[in-house]
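Structural description and commentary
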Amino acid sequence: MSRKDIAAKERTISELVGEFGRERQAPATGPFERLLGYRTGVSAEHGAYVELEVEERHLSMYGVAHGGVALVLLDTVGGVHVLAARPELARLATISLSANFVGPVRPGRVVATASIQRIGGAIAYTSMALHAGDFDGEILATAHGAYRLFHAARG
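What you see is a predicted model, and the numbers here were worked out from it, not measured in a lab.

On to the overall build of the chain, then. Scanning the chain from terminus to terminus reveals 4 helices and 7 strands. Starting at the N terminus and walking to the C terminus, you meet the elements of the chain as α-α-β-α-β-β-α-β-β-β-β. Every one of the 155 residues in the chain was classed for burial, and the buried ones make up 43%. A separation threshold of at least 6 residues defines the contact pool for the chain, and within that pool the share at least 24 residues apart is 57%. Put simply, the chain shows about 8,500 Å² of open surface, and 53% of that area lies on carbon and sulfur atoms.

This model, assessed by the stated rule, comprises 1 aromatic pair. Of note, Arg148 hangs over the ring of Phe150, and the distance from its end group to the ring centre comes to 4.8 Å.

Under the counting rule described, the total for this entry stands at 5 salt bridges. A salt bridge links Glu55 to Arg57; the nearest nitrogen and oxygen atoms lie 3.0 Å apart. Its salt-bridge partner being Arg109, residue Asp134 comes within 3.4 Å of it at the nearest N-O pair. One end of the pair, Asp134, is in the loop between strand 6 (123–132) and strand 7 (139–151); the other, Arg109, is in strand 5 (residues 108–119), and 25 residues separate them in sequence. For Asp134, a relative accessible area of 37% translates into the label partly exposed. Sharing partners across several salt bridges, the network here consists of Arg39, Glu51, Arg109 and Asp134.

Rules of the game
- Residues numbered from 1 in each chain as written.
- Predicted model: local features only at pLDDT ≥ 70, side-chain atom pairs only at ≥ 80, totals over all residues.
- Heavy atoms only, no water.
- Helix = DSSP H or I, 4+ residues; strand = E, 2+ residues; numbered from the N terminus.
- Buried < 20%, exposed > 50% of the residue type's maximum accessible area, 1.4 Å probe, protein only.
- Contact = heavy atoms within 4.5 Å.
- Areas by Shrake-Rupley, 256 points an atom, 1.4 Å probe, with all protein chains shown as cover.
- Phe/Tyr/Trp six-rings, centres within 6.5 Å; stacked < 30°, edge-to-face > 60°.
- Lys NZ or Arg CZ within 6 Å of the ring centre and 35° of its normal.
- Salt bridge = Lys/Arg side-chain N within 4 Å of Asp/Glu carboxyl O.

Structural data, given as structure tokens:
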């Protein structure tokens, strides 16, 4: 498939919202969302967020969530936050993700939040945090991400 064919099939993120069983109010992130069990949302106060009820299936042999679970939530919220700010984009891709694990992610609700540091024409930079319980809960992990922005083909 040529780049032209791919561009012709791309749609904006706004057009994709509602696919994969998501409500129109929440950004869609694809089938992986169902596999892990997280939910995306957008709040007027906090912007885009990702939440997960950490269950036994997410745990490592040490009784806390595997680090990959935290990374997925942080990466996802960074991307979703950019897409919420720029719904005209066709898609984005993570090009860099750096995380710090501050505390153990135990069973229960966690919420990932993000802020945009800069959005250019081709790359967006974000800072993210994973909180225990709610938006103002203890910070369990932090991250910085860079995302490549793909614009929808103009017809």
